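Results of the structural survey
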Amino acid sequence: MALAYGRPAEDLSTRARIRDAAMVEFGDNGYNGATMKSIAEAAGVSVGLVQHHFGTKDGLRAACDERVLDLIRMKVSMLEDGTLTDPRSLSTLMAMAPQVQHYVSRALVEESPGMAEMVDEVMDLTERFLADFVPERFPAGSTNTRDAAAVMTAVNTSTMVMQNQLARRMGVEPFSELALTRISRATLDVWETVSDFTEMDFWLELREAIDSQVSKEGSNV
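Below or above, wherever it landed, is the structure these notes cover. Please read all numbers here as calculations on a predicted model, not as lab measurements.

Glancing now at the overall build of the protein. Helix and strand counts for the protein come out as ten helices and zero strands. Ordering the α and β elements of the protein from the N terminus gives α-α-α-α-α-α-α-α-α-α. The burial tally for the protein puts 36% of its 221 residues in the buried class. Residue pairs at least 24 apart in sequence account for 58% of intrachain contacts in the protein once pairs closer than 6 positions are excluded. For the protein, the accessible surface area stands at approximately 13,200 Å², while carbon and sulfur atoms represent 55% of it.

Tallying each qualifying case throughout the model produces three aromatic pairs. When the ring of F26 is compared with that of Y31, the centres are 5.7 Å apart and the planes differ by 35 degrees; the resulting orientation is tilted. Y31 shares its class with F26; the two are buried. Ring geometry for F129 and F133: centres 4.5 Å apart, planes at 35 degrees, overall tilted.

Parameters at a glance
- Residues numbered from 1 in each chain as written.
- Predicted model: local features only at pLDDT ≥ 70, side-chain atom pairs only at ≥ 80, totals over all residues.
- Heavy atoms only, no water.
- Helix = DSSP H or I, 4+ residues; strand = E, 2+ residues; numbered from the N terminus.
- Buried < 20%, exposed > 50% of the residue type's maximum accessible area, 1.4 Å probe, protein only.
- Contact = heavy atoms within 4.5 Å.
- Areas by Shrake-Rupley, 256 points an atom, 1.4 Å probe, with all protein chains shown as cover.
- Phe/Tyr/Trp six-rings, centres within 6.5 Å; stacked < 30°, edge-to-face > 60°.

By themselves, these are just geometric observations and shouldn't be taken as functional.
Right under this line is the structure:
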């Protein structure tokens, strides 16, 4: 029996195995569609053992939310210490990501109670990242930095919500490591192309027009 990211069930603690099974069930069937019984069966344990570790389905969802935050914090830490490009670090992230992204994609659509708090934390981490790495463009505490972090988070999470459509277009299995690798590569291609666009006169003129509009609206507040 295999559960999360190809790891045999016996390699996981009972608690982790139950949590990983819950993430899959929530991702496949949504919070309302998943049951304690179906999660227990997927984890190969009794319902009583699930209740012993997590209490209720809400307790399971909270544990899944924390798992998502673990991945996010790990990624930010790797960015900050420069290890994200290390093949071993990247492999670890890619192994965890399919299950986590599948869970998040469903939770975002369902607007689960913990998701707003989680998105806020991601936006906070993104804002800190921008201010630390590009302080001259994104000063800490500025409205522009806060807005940019919010939009950057939305852009990144949109590939989770639209993963089925993206995977169908790419001809790959959604929420597989191959899908995430293809999406990641395409995302980098897009950012590189946008970087080229910013040197064009049209882009500079558009930026000037938008900045002018923002200034005008700001003066009317």
